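What follows is each chain in one-letter form.
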Amino acid sequence: MSESRITETIEKTVSKAEELGERAQKVFRLSNGVDIPAIGYGTYLATEKDGKQTIIDALNVGYRYIDTAAFYKNEEQIGEAIAEYGIPREQLFICSKVWPTMLGREKLKQSFEDSCNKLKTDYLDMLLIHWPKVSQNDANWAEKLQESWAAMEELYDDEKVRAIGLSNFLPHHIRPVLETAKVKPMLDQLELHVGYMQEYALQYLKKEKIVAQAWSPLGRARVLGDERVSAIAGKYGKSNAQILLRYLTQRGIPVIPKASTPQRMKENLEIFDFKLTEDEISYLSCIPETGWSGEHPDMVEWEK
Ligand SMILES: NC(=O)c1ccc[n+]([C@@H]2O[C@H](COP(=O)([O-])OP(=O)(O)OC[C@H]3O[C@@H](n4cnc5c(N)ncnc54)[C@H](OP(=O)(O)O)[C@@H]3O)[C@@H](O)[C@H]2O)c1
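What you see is a predicted model, and the numbers here were worked out from it, not measured in a lab. (Residues numbered from 1 in each chain as written. Predicted model: local features only at pLDDT ≥ 70, side-chain atom pairs only at ≥ 80, totals over all residues. Heavy atoms only, no water.)

Around the ligand sit 28 residues, and of these D67, S216, R220, K258 and S260 come closest. In this structure, an oxygen atom belonging to the ligand sits 3.3 Å away from a main-chain N or O atom of P217. Considered on its own, the ligand offers 900 Å² of accessible surface; in the complex 89% of this is hidden by protein. Element by element, the count of residues in the shell around the ligand is highest for helix α10 (residues 262–269), at three residues. Within the shell around the ligand, the residues separate by chemical class into 12 nonpolar, 10 polar and six charged. (Near = heavy atom within 4 Å. Polar contact = N/O pair within 3.5 Å; in protein donor to acceptor, adjacent residues only side chain to side chain. Areas by Shrake-Rupley, 256 points an atom, 1.4 Å probe, with all protein chains shown as cover. Helix = DSSP H or I, 4+ residues; strand = E, 2+ residues; numbered from the N terminus. Nonpolar A, V, L, I, M, F, W, Y, C, P; charged D, E, K, R; others polar.)

Dropping the structure here:
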């Protein structure tokens, strides 16, 4: 990648309300200068009940960032929802992911093409490698990642994707990628929420100027009822979900919550009209582990 495509800082937060919709006012800047909305709409299992209408609802309340993946099997519905909503493509930030069984140069490119076709787009704003390994017995995972990352770089250089990154990669999965990378990953999507903050990985990502993004920012509802969170929510007159999302974004971590109703979707965007104190950030950061999904990148079995 040419140096001119790189800008230095990733931590700058800038306001682009006019482009991102009234409520999703904040963006985070990736290392290549691309801005991503601080709050995206997570679509895993989101379309099970009402199909494309859920995505239309999310667009209606102001989401402009849609997080999907080949694995979610909803890219077609998302593509249809976007077409029906009729929003100009450039006003959206669409991220999809390549499943680990599709790693390797040709398969990865095929996965990208399939995602684009289903989403009815000729480019993605961001493409991520979903998991570093298919299973614990994935012997050649590091070599496979290096080859796959080179394919990601080709897509990036061909301007088919505006940003490339990883998901569920811990420092020991990222190091082999960096050994042969010409373009550094711009983002790593990890399970991050109060009760599971993976501080060691966060420290490493900060050092490498890779943005950490939170999946399951509400711990898939497992931490929503936590009374320690409720106490802070009471002080601000906010919901527990809003405290959990504000905590992450205030720490510079973009979030992609999933919600089913327009009221909850809207609530999850309304988090920038208050600020947690440093002590509250510290308190929430130090809550003992709770609400972990049970999915660990070195222990998952995606291919039995
Ligand atoms: N990269 C990866 O490996 C990976 C893994 C998992 C998830 N993700 C991404 O991250 C996104 C979010 O994660 P997630 O779906 O696992 O969990 P999440 O966003 O942490 O939590 C979703 C749950 O919280 C509930 N909820 C949302 N907003 C609420 C509110 N304001 N008040 C009360 N309850 C609320 C939802 O209920 P209702 O739906 O009933 O409203 C749902 O049960 C996914 O959709 C997906 O895009 C990525």
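More follows now that the structure is in view.
Turning our eyes to something else, we now look at the packing of aromatic side chains. Using the criterion set out here, one finds 10 aromatic pairs in the structure. Between the aromatic rings of W131 and W302, the centroid separation amounts to 5.2 Å while the plane-to-plane angle is 55°, which identifies the pairing as tilted. Residue W131 is located in the loop between β7 (126–129) and α5 (141–157), and its partner W302 is located in the segment after α11 (278–285); the two are separated by 171 residues in the primary sequence. Owing to a relative accessible area of 3%, W131 belongs among the buried residues under this scheme. Classification of W302 by relative accessible area gives partly exposed; the value is 26%. The rings of Y44, F71, Y72, W99, W131 and W302 are connected pair by pair, giving a single aromatic cluster. Sitting over the ring of F272, K26 keeps its end group 5.9 Å from the ring centre. Directly above the aromatic system of Y123 lies the positively charged group of R89, at a separation of 3.9 Å from the ring centroid. (Phe/Tyr/Trp six-rings, centres within 6.5 Å; stacked < 30°, edge-to-face > 60°. Buried < 20%, exposed > 50% of the residue type's maximum accessible area, 1.4 Å probe, protein only. Lys NZ or Arg CZ within 6 Å of the ring centre and 35° of its normal.)

For the rest of this paragraph, the subject is unusual backbone geometry. Across residues other than glycine, the phi torsion is negative in most instances, and most of the peptide bonds are trans. A positive phi angle, near 55°, is found at K120, a position not held by glycine. If you trace the backbone, K120 turns up in the loop between α4 (105–119) and β7.

Glancing now at the side chain of Q242. You can see Q242 is positioned in helix α9 (residues 240–250). Among the polar contacts listed, one links the side chain of Q242 to the backbone oxygen of E270, at a separation of 3.2 Å. In this structure Q242 touches E267, E270, I271 and F274, once residues within four positions along its chain are discounted. (Contact = heavy atoms within 4.5 Å.)

Before going further, it helps to examine the nonpolar core. Grouped together as the largest cluster of nonpolar side chains are 93 residues, with contacts concentrated most on L30, M126, L192 and L284. With eight residues, the single largest contributor to this core is α5. With near-sequence residues (within four places) excluded, L284 lies in contact with V194, V229, I232, I243, Y247 and L276. (Core = buried A, V, L, I, M, F, W, Y, C linked by side-chain atoms within 4.5 Å.)

With that settled, the discussion passes to the confidence of the model for the protein. The predicted model of the protein averages 92 in pLDDT, with 91% of residues at 70 or higher. The model gives residues 1–23 a pLDDT under 50, and that stretch makes 58 contacts with residues more than four places away or in other chains. (pLDDT = per-residue confidence, 0-100.)

In this section: the environment of L30. Relative to the elements of secondary structure, L30 occurs in the loop between β2 (26–29) and β3 (35–37). Distance from L30 to Q250, taken between C-alpha atoms, is 16 Å for residues 220 residues apart in sequence.

Within the secondary structure, W99 is located in the loop between β6 (93–98) and α4. Sequence-wise, W99 and S282 are 183 residues apart; in three dimensions their C-alpha atoms are separated by 35 Å. With sequence-adjacent residues up to four places away left out, W99 is seen in contact with F71, H130, W131 and W302.

Among the five residues in strand β10 (residues 211–215), five count as buried, and that is most of the element. Taking every second residue as pointing to the same face, both faces of β10 are buried, with V211, Q213 and W215 on one and A212 and A214 on the other. In terms of strand pairing, strand β9 (residues 187–191) meets β10 through five bridges, oriented parallel. If you follow Q189 over to β10, its bridge partner there is Q213. Handedness of the β-α-β unit built from β9, helix α7 (residues 199–207) and β10 comes out right-handed. (Pairing = 2+ DSSP bridges. Right-handed = clockwise from strand over helix to strand, strands pointing away.)

What follows concerns α5. For an α-helix, the turn length of 3.6 residues means that residues three or four places apart are oriented alike. If you check α5, its first and last C-alpha atoms are 24 Å apart, about what 17 residues at 1.5 Å a residue would give, namely 24 Å. Listing the buried residues of α5 in full gives W141, A142, L145, S148, W149, A151, M152, E153, L155 and Y156. Turning to α5, the residues buried within the fold contact α4, β7, β8 (164–167) and α6 (171–180). Positive phi appears at E159, one or two residues downstream of α5, with a value of about 60°. (Expected span 1.5 Å × (residues − 1).)

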